[in-house]
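One letter stands for each residue in the lines below.
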Amino acid sequence: MITILMITIPFSFGVIAFFIRNDFMRRILIIGCSVIHLILTSLVWAKCLDVSSNEWLGFDNVSIIFLTITSVLFSGAAVYAIRYLSDEKIYFKNEDGKRSVFSPEAVFSGCFLLFLSTMTMVIASQHLAVLWVAVEATTLASAPLIYFHRTKRSLEATWKYLLICSVGIAIALLGIFFLAVANNNQGEMLLINMIENAQGMNIPWLKAAFLLLFVGYGTKMGLAPFHTWLPDAHSEAPSVVSALLSGALLNCALLGILRGYQICIAAGLKTYCQEIFIVFGLLSIFFAAVFILKQTDYKRMLAYSSVEHMGIITLGIGLGGSAVFGAMLNMLGHSLTKAGLFFTAGNILSSFKTKKISDIRALIAGRTRWTGILWMVGFLLIIGTPPSGIFLGKFIILKECIFQRRYGITFAFLITLAIVFIGMARIFISMTQGAPVEKDNNNNSCNVDDFWRIFVPGLFFVLIISIGIYFPAWLARALESAALGLGGF
Amino acid sequence: MIGCMPIIINFQTLTPGTIIISSLSIIVKGIIFPWLLFRALQEANIKKEIEPVGGYPLSLLMGVVMFGMSFWLSAQLVYTQPLVSYLAAPVSFTTFFIGVFIIVSRRKAITQIIGYLILENGIYLFGLAFLREQSLLVELAILLDIFVAVFVMGIAIFHINRAFDHIDTQKLSELKD
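Residues numbered from 1 in each chain as written. Chains lettered and ligands numbered in written order. Predicted model: local features only at pLDDT ≥ 70, side-chain atom pairs only at ≥ 80, totals over all residues.

Caption draft 1: Looking closely at the overall build of chain A. Regarding its fold elements, chain A presents 18 helices and zero strands. Relative to the compact-globule value of 23 Å for 489 residues, chain A shows a C-alpha radius of gyration of 22 Å, a close match. A sequence separation of at least 24 residues applies to 82% of the contacts in chain A between residues at least 6 apart. (Helix = DSSP H or I, 4+ residues; strand = E, 2+ residues; numbered from the N terminus. Rg over C-alpha atoms; globule rule 2.2 N^0.38 Å. Contact = placed C-beta atoms within 7 Å.)

The structure is reproduced here in C-alpha cells:
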C-alpha cells in the first residue's frame, strides 16, 4: 500500500503541476510531495521488510538503501529548486517573452515530480519487466528537464541522452527476454521466483542475458565505454536536475544490473559476473581520470567524477566480500556529496553565468564567499579525504582488494585515483583561489549566497561528514544486509 | 505484420489478451508511428530522407553480413524448448542489427528514430517467438513506453529543426571533449 502511494502521489501531483498556472501553488506542490515521500520512506523503514512472493512492487533489503538516497536527495533538490526557479524566472523574462501552452516552469515541475515517481517505481520493482518499463520511463520523464534552458546546446544534450539511453535500455530488454528463455518460460518474471528457479536455468542463455543487461543498464548508469551521453546531459541540464541525475538516477540504473546479478549469484555464476564488474569498473575510473585532467568546464568535470564513482562502486561489487559493503557506502557518500556539489555549481553558474573554469577565480573572496567554501569542502569530500563517508567506502574496497592479493587491480585503482585527485585539485583550487576577475555586467546576477542556496548543499556535506565520524548502527545494519544480498558479507 | 504475429503464434490457444495486444500493436506500430513520423517529416521539410554515411552499396553489403551473422549466432544458441520456427531467432537478430546499423550510419534525426523502431521491433519479435506466457499488463506497458519515446523524440525533432534549421545529427557536435 505504501509502495503504491509512493509511486502514485508524485505521479498525480506531477500531472496536476502541468496544469497549474500559479507558480506559488506549483512550488507548494513540489515541497509537499517531497515531504510526503520522505514520510513514506521513513514508514518503510519503520515497517519490517518482507517481500511476499507474489507482489510486483515492494522494497527489500537492497532497494531500501536506494529508496532512502532518492528520497533524501529529492527533498533537498525540491527545496533548492524553489529558490532556483524563482531566480531563473527573472532570467527567462530577460531572454524571451514567448509563451507556449505550458510555461517552462510548469513543464519543469511536472516532469520533476514524474521523474521522482518513475525512479521510485524502478526501486520498488520486484518484476524485471516492470523494472525495465520504469527505467525507460525515467529517461522520458527527465529528457524535458535537461531541455529546460531551451538552448541549442541543451537540445543537443537532450537528443543524445534520449537516443543513447533508449537504445541502451532496448538492449536491456533483449537481456530480459534472454533471461526468460534461460528460465524456460516458467511463470512470471518476479525476482523472487527467478532466484528460486536459478539452479535449473540454462547457463549459456543466462550468461548472455547478464551481459546484455549489463551493457543496457550500464549505458544508463554511465559506465565507461557507454558513458558518452552523461557529460553532455549533466553539463547542460539545470544544476538541480544534474544533482538528481547523478545522485539518484545512476543508482537506479545500477539497481537494474544488481537484480540480474542476484539471479546470477543464485545460479552459481558469481565469478563470471564479478570479472565483468571489475573490468568495466576499472575502465570507467580510467576513462574518467583521463577526461578530468584536461577538462575546461566545471560541470562536465563533475559529470566525469560521477563516471569515476560509478566505476568505483562497480569495482567494489565485483570484488565481493567486504568490498560490497564499501561499494554501498561509497554510493551513499557519492550521491549526497555529488548532489551538494552540483547545487554549489548551480550557485556559481548563476553568479558568473559561465561554465568555463578559466573564467572563474577567487570564489572564496567577495560576494560568493560561502559558495566558495562549500565548493572547496565538497572537493575534499568527493575525493575521499578522511572525515568523509566516501573515504570509508574507498578504504574498505582497497582493503578487500589487497586482502584478496589482487595487486594489479590495487595498483591500477590507486594510480587512477591519484590522477583524478590531481586533475580535480587543479580545477578546484584555481577556481577558489587567485585574484578576482573583473566582472562587467553582473547586475542581473542573483545573490547566490542566499540562505536556501547554501543550506541544502551544506546540510548534505554535514550529513556525509557525520557518517564518516559517527557511523550509526542502524545504517550499518541496513548496508550490511544489502551487501549480503549482493554476494558480500 | 508484427502486430499479427501474436495471433499467428498462439493460434491454437487464442485468448482475449493476445487479441488485444495484437490489435493494439497494429494500431500503434502500423498507424500512429507512421503518422507521427510523417508529421515530423512535413514539419522538418525534408526532401531526401536517406543519406547514409557509407553509401548504398556498403549499406546493402552490411545488411547481408548482418543477416549471415544472425544465422550463425542463432545456430550457436541451444534452445530449451520447441521453437515456433527455425527462422524466428535469425530474423529477430537481423532486425535488431539492422536497427543498430541504421542508427549509427544515418545522419538525420528522423532516420535514427526509424532505426530505433526497427531495433525495438527486432526485440519485440524475439519476445513473441520465445516467450509465450507474458502477462498482458507488461506487454502493454512496454508498448506504451515505446509510444511515449517516439512521441518525445518527435517533439525533440521539432525543436531541433526550429533551433538549427536542420535535423542533421552529425552537426550536433558542439558538446565534446
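Caption draft 2: Molecular detail of the overall build of chain B. Counting its regular elements, chain B contains six helices and zero strands. Taken from the N to the C terminus, the helices and strands of chain B come in the order α-α-α-α-α-α. The buried share of chain B, taken over its 177 residues, is 32%. (Buried ≥ 20, exposed ≤ 12 C-beta atoms within 10 Å, placed from the backbone.)

Caption draft 3: Highlighting unusual backbone geometry. All names here are of chain A. Positive phi outside glycine occurs at R405, with the angle close to 60 degrees. Note on placement: R405 falls in the loop between α15 (389-403) and α16 (407-432). Here R405 falls in the exposed class, since 9 other C-beta atoms lie within 10 Å of it.

Caption draft 4: Fine view of the interface of chain A and chain B. Taken residue by residue, the interface counts 31 residues in chain A and 34 residues in chain B. Those elements that place two or more of their residues in the side of chain A that touches chain B are α5 (128-146) and α6 (152-182) of chain A. Ranked by residues supplied to the side of chain A that touches chain B, first place goes to α6(A) with 17 residues. Among the residues forming the side of chain A that touches chain B, the class breakdown is 20 nonpolar, five polar and six charged. (Nonpolar A, V, L, I, M, F, W, Y, C, P; charged D, E, K, R; others polar.)

Caption draft 5: A look at the packing of α5(A) against α6(A). All names here are of chain A. Following both chains from N to C, one finds α5 and α6 inclined at 180 degrees, their axes separated by 10 Å at the closest point. Considering the angle they form, α5 stands roughly antiparallel to α6. Contacts between α5 and α6 involve L128, A129, W132, V135, E136, T139, A143 and I146 on the former and, on the latter, S154, A157, T158, Y161, L162, C165, S166, I169, A172, L173, I176 and L179. In the contact of α5 with α6, the residues fall into 15 nonpolar, four polar and one charged. (Axes fitted to C-alpha atoms, helices over the stretch in contact; angles between N-to-C directions. Parallel < 35°, antiparallel > 145°, perpendicular 65-115°, else oblique.)

Caption draft 6: Structural detail: the environment of Y304(A). Residues and elements named next belong to chain A. In this fold, Y304 is placed in helix α12 (residues 298-319). Separated by 105 residues in sequence, Y304 and I409 place their C-alpha atoms 21 Å apart. Apart from residues no more than four positions distant in its own chain, Y304 is found in contact with P231, A288, F291, I292 and Q295.

Caption draft 7: The arrangement of helix α1 (residues 2-19) of chain A in detail. Residue and element names in this part refer to chain A. Here α1 spans 26 Å end to end across 18 residues, near enough to the 26 Å set by a 1.5 Å rise per residue. Within α1, the full set of buried residues consists of T3, M6, I7, P10, F13, G14 and A17. Buried residues along α1 sit against α2 (23-46) and α4 (104-124). (Expected span 1.5 Å × (residues − 1).)

Caption draft 8: Molecular detail of the nonpolar core. Residues and elements named next belong to chain A. In terms of nonpolar packing, the biggest core is built from 218 residues, with L244 and M328 touching the most fellow members. For this core, the element with the highest residue contribution is α6, accounting for 22 residues. Those residues within four positions of L244 in sequence are excluded, and the remaining contacts are L73, F74, A77, F115 and L249. (Core = buried A, V, L, I, M, F, W, Y, C linked by C-beta atoms within 7 Å.)

Caption draft 9: Up close: α6(A). All names here are of chain A. Along its 31 residues, α6 runs 45 Å from first to last C-alpha, staying within 8% of the 45 Å computed at 1.5 Å per residue. Most of α6 is tucked away, with 29 of its 31 residues classed as buried. Within two residues after α6, N184 carries a phi angle of roughly 60 degrees, on the positive side.

Caption draft 10: The arrangement of the environment of V167(A) in detail. Positionally, V167(A) belongs in helix α6. Here the alpha-carbon distance between V167(A) and W205(A), two residues 38 residues apart in the chain, equals 21 Å.

Caption draft 11: Summary view of the packing of α2(A) against α4(A). Residue and element names in this part refer to chain A. Between α2 and α4, whose axes approach to 10 Å, the crossing angle comes to 10 degrees. Taken together, α2 and α4 sit at an angle that is classed as roughly parallel. Across from D23, R26, L29, I30, C33 and H37 in α2, the residues of α4 making contact are E105, A106, S109, F112, L113 and L116. Looking at the contact of α2 with α4 residue by residue, the classes come out as seven nonpolar, two polar and three charged.

Caption draft 12: The confidence of the model for chain B, seen in detail. Taken residue by residue, chain B gives an average pLDDT of 73. The fraction at 70 or more is 67%. Taken element by element, the predicted model of chain B shows its lowest mean pLDDT in helix α1 (residues 5-9) of chain B (57) and its highest in helix α4 (residues 88-105) of chain B (84). (pLDDT = per-residue confidence, 0-100.)

Caption draft 13: Fine view of the environment of T41(A). Residue and element names in this part refer to chain A. Tracing the sequence through the fold places T41 in helix α2. Judged by local crowding, T41 falls into the buried class, with 23 C-beta atoms found within 10 Å. When the C-alpha atoms of T41 and S71 are compared, they prove to be 7.1 Å apart, with 30 residues separating the residues in sequence. Beyond its immediate stretch of four places on either side in the chain, T41 contacts L67, T68 and S71.

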